[in-house]
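Summary of structural features
Each chain is listed here by its residues.
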Amino acid sequence: MAATGSAGLPATVSGKQEFYQLLQNLINPSCMVRRQAEEIYENIPGLCKTTFLLDVVRNRRAGYEDPHPRVRAAACTTLGQMATDFSPNFQKKFHETVIAALLHTMENQGNQRVQSHAASALIIFIEDCPKSLLILYLDGMVKNVHSLLVIKLQELIRNGSKLTLEQLVTTIASIADNTAEKFVPYYDMFMPSLKHIAELAVEKELKLLKGKTIECISHVGLAVGKEKFMQDASNVMQLLLNTQSDLNNMEEDDPQTSYIVSAWARMCKILGNDFQQYLPLVIEPLIKTASAKPDVALLDTQDVENMNDDDGWQFVNLGDQQSFGIKTSGLEAKATACQMLVYYAKELKEGFVDYTEQVVKLMVPLLKFYFHDNIRVAAAESLPFLLECAKIRGPEYLAQIWQFVCDPLIKAIGTEPDTDVLSEIMSSFAKSIEVMGDGCLSDEHLEELGVILKAKLEGHFKNQELRQVKRQEENYDQQVEMSLQDEDECDVYILTKVSDILHSLFSTYKEKILPWFEQLLPLIVNLICSSRPWPDRQWGLCIFDDIIEHCSPTSFKYVEYFRWPMLLNTRDNNPEVRQAAAYGLGVMAQFGGDDYRSLCSEAIPLLVKVIKCANSKTKKNVIAIENCISAVGKILRFKPNCVNVDEVLPHWLSWLPLHEDKEEAIQTLSFLCDLIESNHPVVLGPNNSNLPKIICIIAEGKINETINYEDPCAKRLANVVREVQTSEELWLECISQLTDEQQEALQELLNFA
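The numbering scheme is per chain: residues are counted from 1 as the chain's sequence reads. With the structure being a predicted model, the display of local features is reserved for residues of pLDDT at least 70 and the display and counting of side-chain atom pairs for 80 or more, all residues being used for whole-chain, interface and lining totals. Side-chain metrics in this entry use all non-hydrogen atoms of the structure; hydrogen atoms and water are not considered.

1. Digging into the packing of aromatic side chains
Stacked, tilted and edge-to-face are the three classes applied to pairs of Phe, Tyr and Trp rings, where Trp contributes its six-membered ring and a pair requires centres within 6.5 Å; stacked means planes under 30 degrees apart, edge-to-face means over 60, and tilted covers the rest. Tallied over the entire structure, the rule returns 11 aromatic pairs. On the basis of an interplanar angle of 90 degrees and a centroid distance of 5.0 Å, the ring pair of Phe556 and Tyr596 is categorised as edge-to-face. On the criterion of sequence distance, the pair formed by Phe556 in the loop between helix 25 (534-551) and helix 26 (559-568) and Tyr596 in the loop between helix 27 (575-591) and helix 28 (597-611) is long-range, its members being 40 residues apart. Judged by its relative accessible area of 25%, Phe556 falls in the partly exposed class. Clustering of aromatic rings is evident, with ring pairs tying together Trp264, Phe275, Tyr278 and Tyr344. Whether a charge sits over a ring depends on NZ of Lys or CZ of Arg being within 6 Å of the ring centre and within 35 degrees of the ring normal. For the cation-ring pair, Lys334 lies above Phe369, with the distance from its terminal atom to the ring centre recorded as 5.4 Å. Cation over ring: Arg393 sits above Tyr397, and NZ or CZ is 5.0 Å from the ring centre. Each helix corresponds to a stretch of at least 4 residues labelled H or I by DSSP, and each strand to a stretch of at least 2 residues labelled E; elements are numbered beginning at the N terminus. Relative accessible area decides the class of each residue, using a 1.4 Å probe on protein chains only: under 20% of the type maximum gives buried, over 50% gives exposed, and in between gives partly exposed.

2. Structural notes on the packing of helix 6 (residues 112-127) against helix 9 (residues 163-179)
As a packed pair, helix 6 and helix 9 sit with axes 9 Å apart at the nearest point and diverge in direction by 15 degrees. Taken together, the axes of helix 6 and helix 9 are roughly parallel relative to one another. The handedness of the crossing between helix 6 and helix 9 comes out as left-handed. For the pair helix 6 and helix 9, contact is made by Gln112, Arg113, Gln115, Ser116, Ala119, Ser120, Leu122, Ile123, Ile126 and Glu127 and by Leu163, Thr164, Gln167, Thr170, Thr171, Ser174, Ile175 and Asn178, respectively. To define axes, lines are fitted to C-alpha atoms, for helices over the stretch in contact only, and angles between the resulting N-to-C directions are given on a 0 to 180 degree scale. The scheme is simple: roughly parallel for angles under 35 degrees, roughly antiparallel for over 145, roughly perpendicular for 65 to 115, oblique for anything else. A clockwise turn of the near helix away from the far one marks a right-handed crossing, whereas an anticlockwise turn of less than a right angle marks a left-handed crossing. The contact definition used throughout considers only heavy atoms, calling two residues in contact when any of these lie within 4.5 Å.

3. Here we look at the confidence of the model for the protein chain
You can read pLDDT as the predictor saying how much it trusts each residue, on a scale of 0 to 100. Across the protein chain, the average pLDDT comes to 87, with 88% of residues at 70 or higher. For the stretch residues 61-65, pLDDT sits under 50, and the model shows six contacts to residues farther than four places along the chain or on other chains.

4. A few points about the pattern of salt bridges
Salt bridges, as used here, are contacts in which a Lys or Arg side-chain nitrogen is within 4 Å of a carboxyl oxygen on Asp or Glu. Across all of its chains, the model carries 27 salt bridges by this definition. The partner of Asp188 in a salt bridge is Lys228, with the nearest N and O atoms 3.0 Å apart. One end of the pair, Asp188, is in helix 10 (residues 187-200); the other, Lys228, is in helix 12 (residues 226-243), with 40 residues separating them in the sequence. Between Lys634 and Glu664 there is a salt bridge, and its shortest N-O distance comes to 3.0 Å. In this pair, Lys634 is assigned in helix 29 (residues 622-638) and Glu664 in helix 31 (residues 662-677), connecting sequence segments 30 residues apart. Across the pair, Glu664 and Lys634 agree in class, each one buried. Residues participating in the shared-partner salt-bridge network are Arg467, Glu487, Asp488 and Asp491.

5. Some remarks on the packing of helix 4 (residues 69-85) against helix 5 (residues 89-107)
Contact geometry of helix 4 with helix 5 gives a least axis separation of 12 Å together with a crossing angle of 155 degrees. The angle between the axes of helix 4 and helix 5 places the two elements in the roughly antiparallel class. Our pair here, helix 4 against helix 5, has a crossing hand that is left-handed. For the pair helix 4 and helix 5, contact is made by Arg72, Cys76, Leu79, Met82 and Ala83 and by Phe90, Gln91, Leu102 and Thr105, respectively. Following the grouping adopted for this structure description, the nonpolar residues are Ala, Val, Leu, Ile, Met, Phe, Trp, Tyr, Cys and Pro, the charged ones are Asp, Glu, Lys and Arg, and the polar ones are all others, Gly among them. Partitioned by chemical class, the residues of the contact of helix 4 with helix 5 number six nonpolar, two polar and one charged.

6. Describing the sheet that holds strand 3 (residues 322-327)
For two strands to pair, DSSP has to find at least two bridges joining them. With antiparallel pairing, the three strands of this open sheet are ordered in space as 1-3-2. Unpaired on one side and paired on the other, strand 1 (296-300) and strand 2 (313-317) mark the two borders of the sheet. In this sheet, adjacent strand axes meet at a mean angle of 30 degrees when their direction is disregarded. As paired elements, strand 1 and strand 3 share five bridges and run antiparallel to each other.

Now the structure itself:
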């Protein structure tokens with residue numbers, strides 16, 4: 001540990017003046033000076049660092065020379081970096097002082113660069129600041145930013161000054177984005193000025209400002225919602241159309257392009273079906289940009305070496321003598337256009353049908369566009385949405401589109417070299433299966449898919465073995481271990497996608513897919529061995545959960561493979577494994593048929609023991625415990641003959657409500673309705689003594705947003721409340737035990753259900 005001076009600083013930084021010098025050294029042109037400063041800076045405790053940074057940012061006088069504007073700018077940048085590195089704890093701890101300091105600095109008209117850096121730091125800080133904290137400062141923050149906006153707009157009109165204004169409009173967008181509906185009262189304060197800036201910014205040097213302002217307008221519109229935004233929607237859409245009558249009229253590197261393209265997407269989300277009238281104006285330029293073919297060349301190795309990096313070419317070696325090159329300028333625009341096509345297909349559905357075939361024929365070949373990862377990701381992501389669009393036109397059209405998509409998509413799973421892109425392709429395939437439904441894969445496709453998935457699982461085990469070997473080598477150290485852990489995380493992520501694909505097959509094909517699955521069965525059994533790492537056991541159990549849920553009662557033929565792993569893993573050290581095991585026991589009861597009765601009997605005491613553990617409701621454990629509670633409820637509900645229901649029911653009722661797992665929570669409320677509607681004496685209690693507890697459970701379900709008004713359970717719960725209200729004495733007893741929030745929640749439930 002480094003020796004420390006005053007206020008916990010290293011001895012080499014014994015006071016504020018030395019700290020200012022350190023910050024200056026951090027931006028010193030000399031690499032050696034910078035490196036030394038960085039080493040010192042890293043050893044300064046976080047609290048001291050933050051305190052002194054805030055002093056620098058606010059330019060406080062305390063008997064020392066004022067810091068140079070460059071140092072203040074660097075301090076703002078450092079605060080922003082700390083907000084990124086230590087979020088959200090940094091925001092929770094320093095929200096009051098940091099927001100005040102940065103707003104104060106933004107007000108200072110002495111130096112535009114310092115103002116701009118302060119605005120940038122504020123954007124970063126509020127991005128990860130909890131909304132509940134941010135709204136405490138919203139009124140003051142908005143008034144401060146608006147005053148500055150008015151000043152900077154006048155500066156733009158007088159002398160074309162734009163530096164601070166560019167950051168300021170992004171700050172407004174960030175505030176709106178992170179406060180959503182809370183920004184509605186301030187909408188009319190900002191929108192006229194923002195539209196005015198966009199209309200004024202016509203010169204070439206103001207294009208970035210115009211792009212950022214249009215982006216800001218779309219963020220504000222999305223935050224306040226369609227009802228409020230409609231008063232300006234027509235004007236804003238005309239502004240967008242005037243700015244981008246045709247993307248082709250813009251230069252290749254025009255800074256407005258990406259902002260305008262993403263603004264159109266937000267407008268689509270705001271307007272919904274009302275956006276359809278604008279789609280023909282937007283989509284053709286997008287398709288053209290997404291279809292653009294970059295320049296390519298086949299060059300000798302010597303020619304490649306002679307080319308400058310600035311030429312914007314990327315090369316892949318084709319052996320010792322030749323390289324294949326592609327000009328990368330324009331690829332970002334192509335990627336953005338592809339992503340926007342994904343967005344429109346997803347949001348508009350029926351309104352996008354006419355473009356489905358054209359976009360499918362564009363996207364499918366891009367699964368092999370190996371020069372840009374994000375283009376392949378967008379291509380994969382688009383396919384399930386495009387299939388949903390095709391489905392609207394009928395089964396024959398859908399079948400034609402699927403015939404074009406299926407084979408290349410399966411082949412891409414087997415050939416994609418990048419893990420992140422591969423995961424998106426596998427996810428796309430799983431979603432596509434769910435869109436297409438039972439029987440969508442030919443025998444040839446199933447055979448090819450089986451070979452690919454088997455190779456992925458075998459590779460998963462092989463990679464684990466290789467990592468263990470590397471841990472025994474002489475050069476093994478902490479850095480190697482970090483690299484090995486990264487590799488392991490990538491492997492596990494692909495394992496989750498294998499699980500997703502199997503889930504889609506089990507949920508669509510049901511037990512008909514089991515003969516095909518048996519080629520993978522030994523590998524899945526290997527995943528749930530007690531010696532495997534916990535993520536293997538988690539995802540292996542999830543796969544068996546799907547088999548039980550979707551292929552029952554046929555699934556019982558595999559029971560000896562998962563019986564003991566399912567029971568014993570309810571007490572695993574890892575909550576994710578416990579959750580997977582508990583969920584499996586629940587679906588055994590719900591879907592498994594009579595063959596599972598004895599297993600359900602064995603499960604009850606194990607589940608109860610886990611639920612009663614002292615640390616069961618901690619944040620880390622709560623999802624697993626709620627699945628255990630839900631599993632007990634499912635056994636009581638669907639397999640009552642294998643358990644003493646009257647003995648277990650009081651315990652089950654005492655564990656409610658569930659908060660975190662919404663799907664399991666609504667299942668428990670549905671069962672609770674069954675019990676109340678049948679006047680079950682154990683649940684109601686002697687002389688209805690349990691009703692105050694039950695009414696509290698219902699109120700909490702509304703507060704926790706478990707109850708969805710579209711779910712039939714909502715009406716059933718509301719009827720329970722109405723039935724209790726028929727007895728004034730009983731109702732008064734119930735509500736006397738509720739908080740104001742709980743009473744309001746019940747009233748809302750009664751109003752809408």
